[in-house]
Amino acid sequence: MTDKQHNLIGIINERINSMVGDCNTFLLAKQEVNNFDKTESVGGGNFLGALGALSAILFLARLYCKLIKSEEHGDGMFLKLVRDFPDHLGLCGSDKDIKDLWRNYRVALAHMISPKRPVAAFTKWEGHTFEEYLTKINSSTTSAFQIDIPEKGSTFIEFEFLVRDVTRITNWLTDKISNGDFDEQTVLNVLNWAKSKCS
């Protein structure tokens, strides 16, 4: 592996590990809040968790499109990442369906505070340690995007599985970089871009 590949992978892992770590801390904090006898209603925090995970996916999609020299922007970058990622993300609809999903969640959360479709949380991990709970989520094949579930409002996100998918996408992208799937000049250009955005 070249220094450029190593440095780019380092930036990616630093950014993604920070977001995933924050999301996992948030999951633990949510459970601790749920253990208290609440006298006032508190939010579940699912919007914040989903926004964090979707922001990480946007970062990965942007990096990926730069590495493959794609001119896609916004929901087009998300679509390109979904279509090229070799594992199933539970998104098999039309291009329009996938772009709409991005607009209904990431764009609506980031710009209008609330998503157009529900964001759910995985069941509590009663009887399990937090590590066992994370292992259960990370080993699950459940899609983060639950499509056509009438009782949940047609489509919803389970953000714990979305965080899991951020890690899966990161591993795929960093493996492609370390395996030399992108030419040296492109890696250098993306490294310089990432340094300018992440410093």
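Residues numbered from 1 in each chain as written. Predicted model: local features only at pLDDT ≥ 70, side-chain atom pairs only at ≥ 80, totals over all residues. Heavy atoms only, no water.

Caption draft 1: Layout of the overall build of the protein. Of regular secondary structure, the protein possesses 7 helices and 3 strands. Ordered by position from the N terminus, the helices and strands of the protein form the series α-α-α-α-β-α-β-β-α-α. (Helix = DSSP H or I, 4+ residues; strand = E, 2+ residues; numbered from the N terminus.)

Caption draft 2: Summary view of the packing of aromatic side chains. Evaluation of the coordinates by the stated rule reveals 2 aromatic pairs. Centroid distance Tyr 64 to Trp 172: 5.1 Å. Interplanar angle 50 degrees. Geometry classified as tilted. On the criterion of sequence distance, the pair formed by Tyr 64 in helix 2 (residues 46-67) and Trp 172 in helix 6 (residues 159-178) is long-range, its members being 108 residues apart. Here the aromatic rings of Phe 85 and Trp 172 are separated by 5.3 Å at their centres, their planes lie at 90 degrees, and the arrangement is edge-to-face. One end of the pair, Phe 85, is in the loop between helix 3 (75-84) and helix 4 (95-112); the other, Trp 172, is in helix 6, and 87 residues separate them in sequence. By relative accessible area, Phe 85 is classed as buried at 5%. (Phe/Tyr/Trp six-rings, centres within 6.5 Å; stacked < 30°, edge-to-face > 60°. Buried < 20%, exposed > 50% of the residue type's maximum accessible area, 1.4 Å probe, protein only.)

Caption draft 3: Fine view of unusual backbone geometry. Despite not being glycine, Lys 69 has its phi angle at roughly 60 degrees, a positive value. By the element assignment, Lys 69 lies in the loop between helix 2 and helix 3. For Lys 69, a relative accessible area of 55% gives the class exposed.

Caption draft 4: Quick look at the environment of Lys 80. Locating Lys 80 in the fold gives a position in helix 3. On the basis of relative accessibility, which here comes to 28%, the residue Lys 80 falls in the partly exposed class. In this structure the C-alpha to C-alpha distance between Lys 80 and Ala 61, which are 19 residues apart in sequence, comes to 7.7 Å. Ignoring sequence-local partners within four residues, the contact set of Lys 80 consists of Tyr 64, Cys 65 and Ile 68. (Contact = heavy atoms within 4.5 Å.)

Caption draft 5: Broad picture of the pattern of salt bridges. With the rule as written, the count across this model stands at 8 salt bridges. When the shortest N-O distance is used, the salt bridge between Lys 4 and Glu 184 registers 3.0 Å. One end of the pair, Lys 4, is in helix 1 (residues 3-35); the other, Glu 184, is in helix 7 (residues 184-198), and 180 residues separate them in sequence. Residue Lys 4 is classed as partly exposed on the basis of its relative accessible area, which comes to 26%. (Salt bridge = Lys/Arg side-chain N within 4 Å of Asp/Glu carboxyl O.)

Caption draft 6: Expanded view of helix 6. With 20 residues, helix 6 ought to run about 28 Å at 1.5 Å a step, and its terminal C-alpha atoms sit 29 Å apart, in line with that. Counting buried residues in helix 6 gives 15 out of 20 residues, a clear majority hidden from the surface. Gly 180 sits one or two residues past helix 6 and shows a positive phi near 80 degrees. (Expected span 1.5 Å × (residues − 1).)

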